Amino acid sequence: MAELHVELVAADRSVWSGEATLVVARTESGDIGIMPGHQPLLGVLQSGPVTIRTSEGGTVVAAVHDGFISFADNKLSILAEIAELADEIDVARAERALERAKSDTDAAAERRAEVRLAATTGVH
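Residues numbered from 1 in each chain as written. Predicted model: local features only at pLDDT ≥ 70, side-chain atom pairs only at ≥ 80, totals over all residues. Heavy atoms only, no water.

Colleague: Break down the nonpolar core for me, with residues and values.
Modeller: Ranked by size, the top nonpolar core spans 25 residues in total, and within it Val6, Leu8, Val23, Ile52, Val64, Leu76 and Ile78 carry the most contacts. When contributions to this core are tallied by element, the ones reaching two or more residues are β1 (4–10), β2 (13–27), β3 (30–34), β4 (41–45), β5 (48–54), β6 (59–72) and β7 (75–85). Contact partners of Leu76, with chain neighbours within four places excluded, come to Leu4, His5, Val6, Glu7, Val23, Ile34, Ile69, Ser70 and Phe71. In terms of nonpolar packing, the next biggest core, distinct from the first, is built from 10 residues, Ile89, Leu98, Ala113 and Val115 among them. (Core = buried A, V, L, I, M, F, W, Y, C linked by side-chain atoms within 4.5 Å. Buried < 20%, exposed > 50% of the residue type's maximum accessible area, 1.4 Å probe, protein only. Helix = DSSP H or I, 4+ residues; strand = E, 2+ residues; numbered from the N terminus. Contact = heavy atoms within 4.5 Å.)

Right under this line is the structure:
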């Protein structure tokens, strides 16, 4: 089975690296799926969950906030301002942040909290 090498990097750390068969991310143009052999790509990420189907058959989900996505020669780089793996997210804290953002009518904070919660449930 064909694979692509994926590097998911946040401004402060390397979040995940490995081989995958499919990556789905949200760009300014909408959701995009990248598979081995995809045409070269450079895009601007929007806040949203990134789903990585690993070569071993597993799934890695991360909450990603802003950045860039680049693909060439079966190498995919996701460079995000903020990125958290779903299993790193404290769901109760994210729910509190969502409620606080709603009461403060802070749309950006509300979107960040929604993305974090979506990553933990795998629902986009």
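Colleague: Break down unusual backbone geometry for me, citing the residues and quoting the values.
Modeller: Most peptide bonds are trans, and most residues other than glycine sit at a negative phi. One non-glycine residue, Asp66, adopts positive backbone phi at about 60 degrees. Among the secondary structure elements, Asp66 is positioned in strand β6. A positive phi is found at Asp73, a non-glycine position, where the angle reads about 55 degrees.

Colleague: Help me get a handle on the pairing of β5, residues and values and all.
Modeller: A large share of β5 lies buried, amounting to 6 of its 7 residues. Looking at chain direction, β2 and β5 are connected through 4 bridges and run antiparallel. The residue bridging Val23 from the neighbouring strand is Ile52, located in β5. (Pairing = 2+ DSSP bridges.)

Colleague: Would you mind going over the pattern of salt bridges in detail, with residue names and values included?
Modeller: Inspection of the entire model under this criterion finds 3 salt bridges. Between Arg26 and Asp31 there is a salt bridge; the shortest N-O distance is 2.7 Å. Residue classification places Asp31 among the exposed residues on the basis of a relative accessible area of 51%. (Salt bridge = Lys/Arg side-chain N within 4 Å of Asp/Glu carboxyl O.)

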